[in-house]
Amino acid sequence: CYFHSKSDVGIGAFLSGGVDSGGIIGLTSKYSKVDAFTAVFSDFPNINESKYARMMVDKLGISHHESELSLGINDEFEKIIWHFDEPYAVSSGYSLYFLSKTAKSLGLKVMLTGDGADEIFGGYGRHDVKLHNLLSNPFYRKQYPVPKILQTTNIWNCKIYRGLINLTNSDLQAYLSKSRYQPEILLPSLIDKDFFDTHIKNEYYKEEDFIKNINDTYSMLDNVNKRLIIDIKTSLIDEMITKVDRS
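Residues numbered from 1 in each chain as written. Predicted model: local features only at pLDDT ≥ 70, side-chain atom pairs only at ≥ 80, totals over all residues. Heavy atoms only, no water.

Draft legend 1. Just helix α4 (residues 92-105), in detail. The end-to-end C-alpha distance of α4, which contains 14 residues, comes to 20 Å, matching closely the 20 Å that a straight helix rising 1.5 Å per residue would cover. Along α4, the positions that sit buried rather than exposed are Gly93, Tyr94, Ser95, Leu96, Tyr97, Phe98, Leu99, Ser100 and Ala103. One or two steps after α4, the chain reaches Gly107, where phi turns positive at roughly 85°. (Helix = DSSP H or I, 4+ residues; strand = E, 2+ residues; numbered from the N terminus. Expected span 1.5 Å × (residues − 1). Buried < 20%, exposed > 50% of the residue type's maximum accessible area, 1.4 Å probe, protein only.)

Right, here's the structure in full:
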């Protein structure tokens, strides 16, 4: 944080109210002036964590800027998609877009974020060692064919498919499937066939090849740390870094 806080321009930071972003702002504020930016979801109290963000900024005594978000974000939906320059379905990317607009309007060009900490330090529930031990049980390693009826665009069929993968495949393959990795068997039904055949079919990194590469390259690690490697190579790159870089 000391080196990242050295800048010729003002510094801001996205603050959700959680441990990761709060830790970044707390450390940065020791070395530099930093403004905090928080998304407020008054219409959705179950995901509105702004009260925790206010507690943090009150404790640190730093400037705080809140952006009230509602269903009105639909008005800029196409512009947001244009900025991402690819299909992107992580909802937090949209709130970050509006926070970035606010920061830019205040003349800030450097923004810090706590995104990525969970993937590196194992902060998600899916990193739980007890769950790892459950999925490592030989019963869950037995392979079963996936019924063809599940190979459709129906979202519930996709969820059922992922559930079967979680229960019947090896620990890492189950984890990969659960960690936002789209199984190859479902792709042709979710993507335009011509686009799939032209751009994806011959270059798609097969799930089993990915797992084999992880096991071969990181054989010295236990499966929990291999899960973190999977996160770093998938969700960290394709979700978190993409989100904060393009928002």
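Draft legend 2. Inspection of the packing of aromatic side chains at higher detail. In total, this model carries 3 aromatic pairs according to the counting rule given. Ring centres of Phe77 and Tyr94 lie 5.9 Å apart, and the angle between their planes is 35°; this geometry places the pair in the tilted category. One end of the pair, Phe77, is in helix α3 (residues 77-84); the other, Tyr94, is in helix α4, and 17 residues separate them in sequence. The class for Phe77 is partly exposed, based on a relative accessible area of 41%. When the centroid spacing of 6.3 Å and the interplanar angle of 80° are considered together, the rings of Phe84 and Tyr94 count as edge-to-face. Here the residue Phe84 occupies a position in helix α3, and Tyr94 occupies one in helix α4, the gap between them amounting to 10 residues. Grouping aromatic residues by their ring pairs yields a cluster made of Phe77, Phe84 and Tyr94. (Phe/Tyr/Trp six-rings, centres within 6.5 Å; stacked < 30°, edge-to-face > 60°.)

Draft legend 3. Representation of the pairing of strand β1 (residues 11-14) in the model. Across the two faces of β1 the burial is the same, with Ile11 and Ala13 and Gly12 and Phe14 all buried. The pairing of β1 with strand β2 (residues 34-40) spans 4 bridges and is classified as parallel. When the sheet's bridge partners are listed, Phe14 is paired in β2 with Phe37. The handedness of the β1 to β2 crossover, carried by helix α1 (residues 19-28), is right-handed. With 3 bridges connecting them, β1 and strand β4 (residues 110-112) associate as parallel partners. Looking across to β4, one finds that Ile11 is bridged to Val110. (Pairing = 2+ DSSP bridges. Right-handed = clockwise from strand over helix to strand, strands pointing away.)

Draft legend 4. Layout of the layout of surface pockets. Put simply, the second largest pocket is a space of about 960 Å³. Contributing to the lining of the second largest pocket are 36 residues, with Ser16, Glu49, Ser92, Ser95 and Lys243 lying nearest its centre. Contributions of two or more residues to the lining of the second largest pocket are made by α1, β2, α4, α5 (117-121) and α14 (235-246). The greatest single-element share of the lining of the second largest pocket, amounting to 6 residues, is contributed by α4. By residue class, the composition of the lining of the second largest pocket is 17 nonpolar, 12 polar and 7 charged. (1 Å grid on protein atoms, 1.4 Å probe; cavity = no way out; pocket = protein on both sides within 12 Å on 5 of 7 lines; lining within 4 Å. Points joined across faces, edges and corners; volume = space filled by probe spheres on them. Nonpolar A, V, L, I, M, F, W, Y, C, P; charged D, E, K, R; others polar.)

Draft legend 5. Expanded view of the sheet that holds strand β3 (residues 64-68). With respect to topology, 4 strands assemble into an open sheet ordered β3-β2-β1-β4, the strand pairing being parallel. Two strands bound the open sheet, and with one partner strand each, they are β3 and β4. The sheet shows a mean angle of 30° between the axes of neighbouring strands, taken without regard to direction. Helix-sheet contacts for helix α2 (residues 50-60) involve β2 and β3, and the interaxial angle to β2 is about 165°. The strands touched by α4 within the sheet are β1, β2, β3 and β4, with β2 carrying the most contacts at an inclination of about 140°. (Axes fitted to C-alpha atoms, helices over the stretch in contact; angles between N-to-C directions. Contact = heavy atoms within 4.5 Å.)

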